[in-house]
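Observations on chain architecture
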Amino acid sequence: MYRDNNETKASSSHRPNPLVEQLLTVFPGGDPDYFQSCLAYYHERHVERIAEKICASGGHYPTVPSHCLSENEKRLNYALNYLATELFPDCDVGYLRDKVLGFTHSHIEQTALALLQEEVVPERLESGKIRRCDFIHSEAYKLQAQTQLVVDFPQIWKSSVRAVLAENNWDYTNSFHQLTEMGSGSFWKSVRNFFLHWSLHRPPKQSALIKNNLTKELESELNEMRKGHLDLQAEQDERIAHGINEAEYTTHQQLMTCLCCYGDFTFEQVAFCSEGKHTFCHSCVNRFISEGLFGQGSLRGTPRIKCIALTECHGCLSSHTLQH
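The paragraphs below set out a description of the structure included in this document. (Residues numbered from 1 in each chain as written. Predicted model: local features only at pLDDT ≥ 70, side-chain atom pairs only at ≥ 80, totals over all residues. Heavy atoms only, no water.)

For the largest pocket, the calculated volume is near 400 Å³. If you go around the largest pocket, you meet 13 residues; those closest to its centre are Glu 71, Glu 73, Lys 74, Asn 77 and Glu 217. Those elements that provide at least two residues to the lining of the largest pocket are helix H4 (72–87), helix H7 (139–152) and helix H11 (216–251). The biggest single contributor to the lining of the largest pocket is H4, with three residues. Of the residues in the lining of the largest pocket, the class split is four nonpolar, four polar and five charged. (1 Å grid on protein atoms, 1.4 Å probe; cavity = no way out; pocket = protein on both sides within 12 Å on 5 of 7 lines; lining within 4 Å. Points joined across faces, edges and corners; volume = space filled by probe spheres on them. Helix = DSSP H or I, 4+ residues; strand = E, 2+ residues; numbered from the N terminus. Nonpolar A, V, L, I, M, F, W, Y, C, P; charged D, E, K, R; others polar.)

This is the structure:
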């Protein structure tokens, strides 16, 4: 009881329809768009005749989870996720996505029927997996992603930004990384990208996109990227600080020797036993603990970890030392 897309295009607007409400009462959890398309087949006794048709087919009808009824993208992504992970785990996700978008209702059922009629379908490398960037984005997300990227890369033509977005399924994060790579690389690559994508008329510098009415998906991606940049900056700052610190220790000949590997380290890079007599670098302590727990197992169930120095010592590695 499926109908062509062009005949049911208006059904996805979810306008209240008393006949659809009656069908949902009789068949709870049903797809409202499916029932809307069924109504176009009959001119009278709509509910009764559709109910008879469903009962004649064994009582099977397309369903939609209640949490997906509010937004069309949720219904589409639910269908895409089910198809990509349960029914067709080896089929290319982009191919499944295009199939799902080709129907206005009963997305799982109609896509499955269409694929079963095809002899060959494109496959993917990672079976049964679907990434965040593979899902279907709303029009609001697409518009905001494009606006944000234009702000992020004012020197790149807007048409090139749109092309990169379309190539990456309108995913902001992947598009951001690709646009970043367009401005890096060898000299000739940079020259080529300049003439192909970069504008000579650079608009005035703009601030970050105003957060008002941002979609939750895009806001989450922006927060993740900002956190990633902050974490990367923190790692770089930590490496620089360690380098400066080690240079100062070396200059003043104050490096401390690990009594396990006999390497030289700064004070911040070593741990002491509880007696304060023996020093060990963090790497040696970690290897010792890992071997004692997951290797030979000599430390399993041990309430107290003795000092690992080769000479006799009554000290131990305190919990504070192990935690830091």
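Still more to cover.
Our focus in this paragraph is the state of the cysteines. Using the criterion set out here, one finds zero disulfides in the structure. Looking at the unpaired Cys 260, the closest cysteine sulfur is the one in Cys 284, lying at 3.9 Å. Between Cys 261, a cysteine without a disulfide, and Cys 284, which holds the nearest cysteine sulfur, the sulfur-to-sulfur distance is 3.7 Å. (Disulfide = S-S within 2.5 Å.)

For the structure shown, the criterion picks out seven aromatic pairs. For the pair Phe 27 and Phe 35, a centre-to-centre distance of 6.2 Å together with 35 degrees between the ring planes defines the contact as tilted. Grouping residues by exposure puts Phe 27 and Phe 35 together as buried. Ring geometry for Tyr 172 versus Phe 176: centroids 6.0 Å apart, planes at 40 degrees, classification tilted. With Tyr 172 and Phe 176 both in helix H9 (residues 172–182) and four residues apart, this pair spans about one turn of that helix. Like Tyr 172, the residue Phe 176 is buried in the burial classification. (Phe/Tyr/Trp six-rings, centres within 6.5 Å; stacked < 30°, edge-to-face > 60°. Buried < 20%, exposed > 50% of the residue type's maximum accessible area, 1.4 Å probe, protein only.)

Glancing now at the side chain of Arg 75. Considering the arrangement of structural elements, one finds Arg 75 in helix H4. Overall, the relative accessible area of 3% leaves Arg 75 in the buried class. Among the polar contacts made by the side chain of Arg 75, one reaches the side chain of Asp 33 at a distance of 2.9 Å. A polar contact is formed between the side chain of Arg 75 and the side chain of Asn 72, at a distance of 2.5 Å. (Polar contact = N/O pair within 3.5 Å; in protein donor to acceptor, adjacent residues only side chain to side chain.)

Right, let's talk about the side chain of Asp 134 for a bit. Mapped onto the elements, Asp 134 comes out in the loop between helix H6 (107–116) and H7. Residue contacts for Asp 134: discarding those within four places in its chain leaves Leu 80, Val 93, Arg 97 and Asn 169. (Contact = heavy atoms within 4.5 Å.)

Under the defined criterion, the tally for this structure stands at nine salt bridges. For the salt bridge of Arg 45 with Glu 48, the shortest nitrogen-to-oxygen distance reads 2.9 Å. A relative accessible area of 46% places Arg 45 in the partly exposed class. On the basis of relative accessibility, which here comes to 40%, the residue Glu 48 falls in the partly exposed class. Among the charged side chains, a salt-bridge network with shared partners connects Asp 31, Asp 33 and Arg 75. (Salt bridge = Lys/Arg side-chain N within 4 Å of Asp/Glu carboxyl O.)

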